[in-house]
Amino acid sequence: MGTDLHELLRSLRVWDPAVTELPPFDPATAPGDPLDLFARWFADAVAAGQCEPHTVSLATADAEGLPDVRIVILHGADADGWSFATHAHSRKGGHLAARPYAALAFYWPVLGRQVRLRGPVGVAPAEEAQADLHVRSTGALASALTGRQSGVLGSVEELARASDEAWERARREPDAPAPSWTLYRLRPDEVEFFQGDARRRHVRLRYRRAERGAAPGWDRELLWP
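Parameters and conventions
Just so you know, the residues in each chain are numbered from 1, in the order the chain's sequence is written. The model is predicted, so local features are restricted to residues of pLDDT at least 70 and side-chain atom pairs to those at 80 or more, both for listing and for counting; the totals for chains, interfaces and linings are taken over all residues. Hydrogens and water are ignored here; the side-chain numbers use all heavy atoms of the structure. Throughout, nonpolar core names a set of buried Ala, Val, Leu, Ile, Met, Phe, Trp, Tyr and Cys residues whose side chains join them through atoms within 4.5 Å. A simple rule labels every residue: compare its accessible area, found with a 1.4 Å probe on the protein chains alone, to the largest value its type can have, and call it buried under 20%, exposed over 50%, or partly exposed in between. Numbered from the N terminus, helices here are DSSP runs of H or I no shorter than four residues, and strands are runs of E no shorter than two. Here, two residues are considered to be in contact whenever any of their heavy atoms come within 4.5 Å of each other. Regarding the arc, it is the one traced by the directions from the helix axis to the C-beta atoms. We treat two strands as partners when DSSP finds at least two bridges between them. By convention, a stacked pair of Phe, Tyr or Trp rings (six-membered ring in the case of Trp) has centres within 6.5 Å and planes under 30 degrees apart, an edge-to-face pair has planes over 60 apart, and any other such pair is tilted. Remark: a charge is flagged as sitting over a ring if the NZ atom of Lys or the CZ atom of Arg is within 6 Å of the ring centre and within 35 degrees of the ring normal.

Judged by nonpolar contacts, the single largest core of 28 residues is most densely connected at Leu37, Phe38, Phe106, Val115, Leu117 and Phe193. Elements supplying a minimum of two residues to this core: α2 (34–47), β1 (55–61), β4 (81–87), β5 (101–108), β6 (113–123), β7 (181–186), β8 (190–195) and β9 (203–210). Leaving out residues up to four positions away in the same chain, Phe106 has contacts with Phe38, Pro53, Thr55, Val56, Leu74, Trp82, Arg113, Gln114, Val115 and Leu117. In terms of nonpolar packing, the next biggest core, distinct from the first, is built from 14 residues, Leu133, Ala144, Ala166 and Ala178 among them.

As a further point, take helix α4 (residues 126–134). Residues Ala129, Gln130, Asp132 and Leu133 constitute the buried set of α4. Projected down its long axis, α4 shows its buried positions confined to an angular sector of 160°, all on one face.

Our next topic: the pairing of β9. Here six bridges tie β8 to β9, and the two strands are oriented antiparallel to one another. When the bridges of β9 are listed, Phe193 appears paired with Leu205. Looking at chain direction, β9 and strand β10 (residues 217–223) are connected through seven bridges and run antiparallel. Residue Tyr207 lies in a different strand from β10, and its bridge partner there is Arg220.

Scanning all chains against the criterion turns up twelve aromatic pairs. Ring geometry for Phe106 against Trp108: centres 5.7 Å apart, planes inclined by 40°, an arrangement best described as tilted. Across the pair, Trp108 and Phe106 agree in class, each one buried. Residues Phe193 and Tyr207 carry aromatic rings whose centres are separated by 5.7 Å and whose planes lie at 70° to one another, so their mutual orientation is edge-to-face. Placement of the pair is Phe193 in strand β8 and Tyr207 in strand β9, with a sequence separation of 14 residues. In terms of burial, Phe193 and Tyr207 fall into one category: buried. An aromatic cluster is defined as three or more aromatic residues linked by ring pairs; in this entry it consists of Phe25, Trp41, Phe193, Tyr207 and Trp218. Here the basic side chain of Arg113 rests over the ring of Trp41, its NZ or CZ set 4.1 Å away from the ring centre.

In C-alpha coordinates, the structure reads:
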(Lines give C-alpha, C1' and ligand atoms only; values in the text may rest on other atoms or scores of the structure.)
Protein backbone atom coordinates (compact mmCIF):
# COMPACT_ATOMS: atom_id res chain seq x y z
CA MET A 1 0.00 0.00 0.00
CA GLY A 2 2.76 2.47 0.98
CA THR A 3 4.82 1.67 -2.11
CA ASP A 4 1.80 2.16 -4.35
CA LEU A 5 1.12 5.52 -2.74
CA HIS A 6 4.71 6.69 -3.22
CA GLU A 7 4.71 5.58 -6.85
CA LEU A 8 1.45 7.39 -7.44
CA LEU A 9 2.82 10.55 -5.83
CA ARG A 10 5.95 10.46 -8.00
CA SER A 11 3.80 10.09 -11.12
CA LEU A 12 1.96 13.36 -10.54
CA ARG A 13 2.88 16.73 -11.98
CA VAL A 14 2.40 20.20 -10.56
CA TRP A 15 1.07 22.82 -12.96
CA ASP A 16 0.76 20.54 -15.98
CA PRO A 17 0.90 22.85 -19.04
CA ALA A 18 -2.06 20.96 -20.50
CA VAL A 19 -4.36 22.33 -17.81
CA THR A 20 -2.44 25.19 -16.18
CA GLU A 21 -1.36 28.61 -17.43
CA LEU A 22 1.21 30.48 -15.37
CA PRO A 23 0.61 34.16 -16.18
CA PRO A 24 3.33 36.72 -15.54
CA PHE A 25 2.99 38.86 -12.44
CA ASP A 26 4.90 42.10 -12.06
CA PRO A 27 4.59 43.16 -8.40
CA ALA A 28 5.56 46.70 -9.35
CA THR A 29 2.14 47.05 -10.99
CA ALA A 30 0.20 45.74 -7.98
CA PRO A 31 -2.33 48.13 -6.41
CA GLY A 32 -1.72 49.67 -3.02
CA ASP A 33 -4.56 47.76 -1.33
CA PRO A 34 -4.52 43.94 -1.26
CA LEU A 35 -8.31 43.81 -1.54
CA ASP A 36 -8.07 45.28 -5.04
CA LEU A 37 -5.51 42.68 -6.13
CA PHE A 38 -7.54 39.89 -4.53
CA ALA A 39 -10.66 40.95 -6.44
CA ARG A 40 -8.65 40.97 -9.68
CA TRP A 41 -7.09 37.55 -9.05
CA PHE A 42 -10.42 36.08 -7.99
CA ALA A 43 -12.04 37.27 -11.22
CA ASP A 44 -9.09 35.81 -13.15
CA ALA A 45 -9.60 32.44 -11.45
CA VAL A 46 -13.30 32.42 -12.32
CA ALA A 47 -12.59 33.39 -15.94
CA ALA A 48 -9.94 30.66 -16.19
CA GLY A 49 -12.47 28.00 -15.17
CA GLN A 50 -11.06 27.27 -11.73
CA CYS A 51 -13.35 24.81 -9.95
CA GLU A 52 -14.93 26.30 -6.82
CA PRO A 53 -12.60 29.30 -6.55
CA HIS A 54 -14.56 30.56 -3.53
CA THR A 55 -13.48 27.63 -1.35
CA VAL A 56 -10.73 28.48 1.11
CA SER A 57 -8.74 26.69 3.81
CA LEU A 58 -9.42 28.15 7.25
CA ALA A 59 -6.84 27.51 9.97
CA THR A 60 -7.64 28.10 13.65
CA ALA A 61 -6.15 27.03 16.98
CA ASP A 62 -7.82 25.73 20.12
CA ALA A 63 -7.40 27.10 23.63
CA GLU A 64 -4.13 25.15 24.01
CA GLY A 65 -2.77 26.51 20.74
CA LEU A 66 -3.17 23.26 18.79
CA PRO A 67 -3.94 23.98 15.11
CA ASP A 68 -6.79 22.75 12.96
CA VAL A 69 -7.75 23.40 9.35
CA ARG A 70 -10.76 22.83 7.11
CA ILE A 71 -12.33 24.10 3.88
CA VAL A 72 -15.03 26.76 4.06
CA ILE A 73 -16.82 29.03 1.61
CA LEU A 74 -15.89 32.69 1.22
CA HIS A 75 -19.00 34.78 1.77
CA GLY A 76 -17.51 38.14 0.88
CA ALA A 77 -14.47 40.40 1.00
CA ASP A 78 -14.55 44.14 1.59
CA ALA A 79 -13.05 46.84 3.77
CA ASP A 80 -14.43 45.07 6.86
CA GLY A 81 -12.58 41.85 6.06
CA TRP A 82 -12.89 38.44 4.41
CA SER A 83 -16.06 36.73 5.66
CA PHE A 84 -17.13 33.15 6.26
CA ALA A 85 -19.86 31.57 8.38
CA THR A 86 -20.45 28.65 10.72
CA HIS A 87 -22.33 27.74 13.87
CA ALA A 88 -20.96 29.38 17.00
CA HIS A 89 -20.98 25.98 18.73
CA SER A 90 -18.97 24.24 15.98
CA ARG A 91 -15.33 23.34 16.56
CA LYS A 92 -14.08 26.33 14.57
CA GLY A 93 -16.61 28.54 16.33
CA GLY A 94 -15.23 27.39 19.67
CA HIS A 95 -11.67 27.97 18.52
CA LEU A 96 -12.48 31.50 17.40
CA ALA A 97 -14.21 32.26 20.69
CA ALA A 98 -11.08 31.21 22.58
CA ARG A 99 -8.53 32.58 20.12
CA PRO A 100 -10.08 35.11 17.70
CA TYR A 101 -7.26 34.93 15.18
CA ALA A 102 -7.09 32.80 12.02
CA ALA A 103 -5.47 32.24 8.65
CA LEU A 104 -6.99 31.73 5.20
CA ALA A 105 -5.38 30.13 2.14
CA PHE A 106 -6.81 30.16 -1.38
CA TYR A 107 -5.28 27.91 -4.03
CA TRP A 108 -6.12 28.32 -7.71
CA PRO A 109 -3.96 25.72 -9.52
CA VAL A 110 -5.36 26.57 -12.95
CA LEU A 111 -3.23 29.74 -12.70
CA GLY A 112 -0.60 28.53 -10.23
CA ARG A 113 -1.74 31.11 -7.68
CA GLN A 114 -2.18 31.23 -3.94
CA VAL A 115 -3.45 33.97 -1.64
CA ARG A 116 -2.72 33.72 2.09
CA LEU A 117 -4.13 35.91 4.86
CA ARG A 118 -3.64 36.13 8.62
CA GLY A 119 -5.36 38.36 11.11
CA PRO A 120 -7.86 38.86 13.94
CA VAL A 121 -11.40 37.60 13.46
CA GLY A 122 -14.48 39.51 14.51
CA VAL A 123 -18.17 38.59 14.65
CA ALA A 124 -20.70 40.41 12.48
CA PRO A 125 -24.01 41.53 14.01
CA ALA A 126 -26.55 38.69 14.28
CA GLU A 127 -28.93 40.34 11.82
CA GLU A 128 -26.20 40.41 9.19
CA ALA A 129 -25.52 36.71 9.69
CA GLN A 130 -29.20 35.85 9.26
CA ALA A 131 -29.54 38.09 6.21
CA ASP A 132 -26.46 36.47 4.66
CA LEU A 133 -27.89 33.00 5.30
CA HIS A 134 -31.29 33.80 3.85
CA VAL A 135 -29.97 34.98 0.48
CA ARG A 136 -28.31 31.59 0.01
CA SER A 137 -29.77 28.34 -1.29
CA THR A 138 -32.47 26.23 0.34
CA GLY A 139 -29.78 23.62 0.92
CA ALA A 140 -27.60 26.11 2.79
CA LEU A 141 -30.51 27.02 5.07
CA ALA A 142 -31.40 23.35 5.59
CA SER A 143 -27.82 22.61 6.54
CA ALA A 144 -27.79 25.47 9.04
CA LEU A 145 -31.12 24.33 10.52
CA THR A 146 -29.86 20.77 10.94
CA GLY A 147 -27.52 22.21 13.56
CA ARG A 148 -25.35 20.34 16.07
CA GLN A 149 -22.32 20.88 13.84
CA SER A 150 -19.20 19.09 15.14
CA GLY A 151 -21.24 17.23 17.76
CA VAL A 152 -21.00 13.45 18.07
CA LEU A 153 -23.50 11.72 15.75
CA GLY A 154 -25.23 8.57 16.94
CA SER A 155 -26.01 7.13 13.52
CA VAL A 156 -26.46 8.03 9.86
CA GLU A 157 -30.20 7.41 10.33
CA GLU A 158 -30.32 10.13 12.97
CA LEU A 159 -28.67 12.54 10.55
CA ALA A 160 -31.08 11.58 7.77
CA ARG A 161 -34.11 12.28 9.98
CA ALA A 162 -32.76 15.63 11.16
CA SER A 163 -31.78 16.63 7.62
CA ASP A 164 -35.18 15.70 6.18
CA GLU A 165 -36.91 17.79 8.84
CA ALA A 166 -34.57 20.71 8.17
CA TRP A 167 -35.13 20.56 4.40
CA GLU A 168 -38.90 20.51 4.93
CA ARG A 169 -38.72 23.53 7.21
CA ALA A 170 -36.34 25.42 4.89
CA ARG A 171 -38.80 24.99 2.01
CA ARG A 172 -41.77 25.95 4.19
CA GLU A 173 -40.04 28.85 5.98
CA PRO A 174 -37.35 30.39 3.75
CA ASP A 175 -36.74 33.02 6.45
CA ALA A 176 -36.49 30.54 9.32
CA PRO A 177 -33.87 31.72 11.85
CA ALA A 178 -30.80 29.72 12.75
CA PRO A 179 -29.76 31.51 15.97
CA SER A 180 -26.30 29.95 16.27
CA TRP A 181 -25.35 30.70 12.66
CA THR A 182 -22.56 33.26 12.85
CA LEU A 183 -20.86 35.41 10.24
CA TYR A 184 -17.15 35.95 10.94
CA ARG A 185 -14.83 38.50 9.36
CA LEU A 186 -11.07 38.13 9.19
CA ARG A 187 -9.38 41.52 9.06
CA PRO A 188 -5.91 40.69 7.75
CA ASP A 189 -2.70 41.95 9.27
CA GLU A 190 -0.90 40.53 6.25
CA VAL A 191 -1.85 39.20 2.82
CA GLU A 192 0.52 37.28 0.56
CA PHE A 193 0.05 36.78 -3.19
CA PHE A 194 1.96 33.87 -4.73
CA GLN A 195 2.36 33.46 -8.48
CA GLY A 196 3.97 30.22 -9.62
CA ASP A 197 6.68 30.23 -12.28
CA ALA A 198 7.69 27.34 -14.56
CA ARG A 199 11.36 27.83 -13.65
CA ARG A 200 10.45 27.98 -9.94
CA ARG A 201 11.14 31.71 -9.79
CA HIS A 202 7.87 32.15 -7.96
CA VAL A 203 6.77 35.69 -7.21
CA ARG A 204 5.68 36.29 -3.63
CA LEU A 205 4.32 39.71 -2.73
CA ARG A 206 3.36 40.35 0.88
CA TYR A 207 1.24 43.24 2.14
CA ARG A 208 1.55 44.13 5.81
CA ARG A 209 -0.87 46.46 7.52
CA ALA A 210 0.71 49.71 8.64
CA GLU A 211 -1.33 51.92 10.93
CA ARG A 212 -0.56 55.52 10.11
CA GLY A 213 -2.76 57.54 12.41
CA ALA A 214 -6.27 57.90 11.09
CA ALA A 215 -5.25 56.64 7.64
CA PRO A 216 -4.20 52.98 7.79
CA GLY A 217 -2.21 51.72 4.84
CA TRP A 218 -0.12 48.82 3.64
CA ASP A 219 3.58 48.17 3.33
CA ARG A 220 4.66 45.83 0.54
CA GLU A 221 7.68 43.55 0.27
CA LEU A 222 8.90 40.68 -1.86
CA LEU A 223 9.71 37.28 -0.37
CA TRP A 224 12.14 34.63 -1.56
CA PRO A 225 10.30 31.64 -3.03
